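In case you want the letters, here they are:
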Amino acid sequence: MSSVLTIRGGVPLTGRVTVRGAKNLVPKAMVAALLGSEPSVLRNVPEIKDVEVVTSLLQLHGVTVVKDPVSGDLTLDPTEAKTASSTAIDAHAGDSRIPILLCGPLIHAIGEAFIPDLGGCKIGDRPIDYHLNVLRQFGAVVEKRPGGIHISAPHGLHGAKISLPYPSVGATEQVLLSATRAEGITELIGAATEPEIIDLIAVLQKMGAIISVQTDRTIRIEGVKDLRGYNHRALPDRNESASWASAALVTRGDIFVEGASQRDMMTFLNTYRKVGGGMDIGDDGIRFYHQGGKLTPLVLETDVHPGFMTDWQQPLVVALTQAEGVSIVHETVYENRFGFTEALARMGANIQVHRECLGSVPCRFGQRNFLHSAVISGPTPLRGTDIDIPDLRGGFSHLIAALAATGTSKVTGIDIINRGYERFTEKLAALGADFDITTIK
């Protein structure tokens, strides 16, 4: 079964939406509960596909997961953790890349882990080699088996000095989740320091971990024998907040994003203002709106935190198709992230993608034949067309392009959006979007 969204564009999105806990933190905090000797409580949890996947995987491993029907808070009890059958785990293959992060906690809890073949968005190479190499450095034994990977540690996990060639968020999370209960001290050099990483560290510290973050991207973890549970409210999803901000700009709308946090979005907010977007920042959220004038083109490079996030890039590119002049966007994080522009071009956008680094600093993709820079000339009227969603952020970008376009668009593959956007069709309806959903077999 799949769903088709029929969108009749040209209607400004106006109203209010609520953003809850970050997709890039909540599933990882759920995994962290495996490390404790008692139940944990996670608050501000969104209803997204990744949460469902991790819930199922934890339950397969004997973790009791109870959702409060009113608040949505999760209580996770790992005290009966056990080995799950490879067949049951394999049923989740392709659903998410989160399972790789179960390895360290499962080894600490039950002595082994089986990880199915991994899915996720098709936006570039996200090799799990980083994760497997990290686990080997901790002393884990990695074996390839039919349908996935078996990982064990006959002599336990031990602290290590690890240097990442790139500040990978996933590899940093792997180190944190594996090192907290490993014997000895772990030093991670070249770590990612995104707000979601810092929030995961806060979760682990509440559980009894000893973790320090230094200014040179070095994280030091002193292993402890046991951890307790935690009670934690997840930080808000800055990526969803930025997506709705771009939606307001593209559709010439006015959206108040309840829960949006200025602190973790400052780089985005500066760029949004430069383009010509309006904002009113409050304690409970941020109002984003089109100010009625012309949008301004700009030159933009994505980067790891505290730079401009790659997840912010795709929705903003749609807004740049309506700016007066030429914009240049250099993607430095994922090499295939501009695949979504093909649909925008069919809608009337003038976008050229290049293999060269069109930015101030050459990136790791410059000599590898990837189309990772884009030149956007605007403004160009957008017209409705048929679209098949390729990935999470690209898919949301297609949706807001269709909402701004003249005419009707039929969008397939919308189930991908559920991975990271809570109740997105309900939110679209609340903002006044004109659309229908049909289900096909």
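Residues numbered from 1 in each chain as written. Predicted model: local features only at pLDDT ≥ 70, side-chain atom pairs only at ≥ 80, totals over all residues. Heavy atoms only, no water.

Draft legend 1. Seen up close, the overall build of the protein. Of regular secondary structure, the protein possesses 13 helices and 23 strands. Expressed as a percentage of the 441 residues in the protein, the buried residues total 56%. Counting contacts in the protein only where the partners sit at least 6 residues apart, residues at least 24 apart contribute 75% of the total. A total of about 17300 Å² of accessible surface is found on the protein, and carbon and sulfur atoms cover 48% of it. In the protein, 42 positive and 48 negative side-chain charges are present, and the distance between their average locations comes to 2 Å. (Helix = DSSP H or I, 4+ residues; strand = E, 2+ residues; numbered from the N terminus. Buried < 20%, exposed > 50% of the residue type's maximum accessible area, 1.4 Å probe, protein only. Contact = heavy atoms within 4.5 Å. Areas by Shrake-Rupley, 256 points an atom, 1.4 Å probe, with all protein chains shown as cover. Lys, Arg positive; Asp, Glu negative; His and termini not counted. Charge placed at Lys NZ, Arg CZ, Asp CG, Glu CD.)

Draft legend 2. The arrangement of the pattern of salt bridges in detail. Under the definition given, this model contains 20 salt bridges. Residue Lys 161 pairs with Glu 187 through a salt bridge whose shortest N-O separation is 3.7 Å. Of this pair, Lys 161 sits in strand 9 (residues 161-163) while Glu 187 is found in strand 10 (residues 185-189), placing the two residues 26 residues apart along the sequence. Here the salt bridges share partners, and the residues they tie into one network are Arg 8, Asp 434 and Asp 436. (Salt bridge = Lys/Arg side-chain N within 4 Å of Asp/Glu carboxyl O.)

Draft legend 3. A look at the nonpolar core. With 70 residues, the main nonpolar core has Met 30, Leu 42, Leu 58, Leu 76, Leu 176 and Leu 204 as its most contacted residues. Among the nonpolar cores identified, the runner-up in size contains 65 residues, and Phe 268, Leu 269, Met 279 and Ala 374 belong to it. (Core = buried A, V, L, I, M, F, W, Y, C linked by side-chain atoms within 4.5 Å.)

Draft legend 4. Region of interest: the packing of aromatic side chains. Scanning all chains against the criterion turns up 7 aromatic pairs. Measuring from ring centre to ring centre gives 5.1 Å for Trp 244 and Phe 396, while their planes differ by 90°; the resulting arrangement is edge-to-face. Of the two residues, Trp 244 sits in helix 8 (residues 238-250) while Phe 396 sits in helix 12 (residues 392-404), which places them 152 residues apart along the sequence. Assessed through its relative accessible area of 1%, Phe 396 is described here as buried. (Phe/Tyr/Trp six-rings, centres within 6.5 Å; stacked < 30°, edge-to-face > 60°.)

Draft legend 5. Broad picture of the sheet that holds strand 18 (residues 325-330). In spatial order, the strands read 17-18-20-19; together these 4 strands make up an open sheet with mixed pairing. Both outer strands of the open sheet, strand 17 (299-301) and strand 19 (350-354), are each paired with one neighbouring strand and no more. In this sheet, neighbouring strand axes are inclined to one another by 15° on average, regardless of whether the strands run parallel or antiparallel. Its contacts with the sheet place helix 10 (residues 310-320) against strand 17, strand 18, strand 19 and strand 20 (373-378), and it is angled at close to 170° to strand 18. (Pairing = 2+ DSSP bridges. Axes fitted to C-alpha atoms, helices over the stretch in contact; angles between N-to-C directions.)

Draft legend 6. The arrangement of unusual backbone geometry in detail. That bond from His 305 to Pro 306 is cis: its omega, 15°, falls within 30 degrees of zero. Relative to the elements of secondary structure, Pro 306 occurs in the loop between strand 17 and helix 10. Cis geometry marks the peptide bond from Gly 378 to Pro 379; its omega dihedral reads 0°. Its identity as a non-glycine residue notwithstanding, Arg 217 has a phi of 65°, on the positive side.

Draft legend 7. View of the side chain of Asp 237. Relative to the elements of secondary structure, Asp 237 occurs in the loop between strand 13 (231-233) and helix 8. Put simply, Asp 237 is tucked away with no salt bridge, and the nearest opposite charge, on Arg 393, sits 4.8 Å away. Engagement of the side chain of Asp 237 in a polar contact is seen with the backbone nitrogen of Asn 239, the distance being 2.9 Å. Within polar-contact distance, the side chain of Asp 237 engages the backbone nitrogen of Glu 240 at 2.9 Å. Excluding anything up to four places from it in sequence, Asp 237 contacts Val 19, Arg 20, Gly 21, Ala 22, Lys 23 and Gly 420. (Polar contact = N/O pair within 3.5 Å; in protein donor to acceptor, adjacent residues only side chain to side chain.)

Draft legend 8. Layout of the confidence of the model for the protein. When pLDDT is averaged across the protein, the result is 92; 96% of the residues are at 70 or more. Across residues 120-126 the pLDDT falls below 50, and counting only partners more than four positions away or on other chains, this stretch makes 19 contacts in the model. (pLDDT = per-residue confidence, 0-100.)

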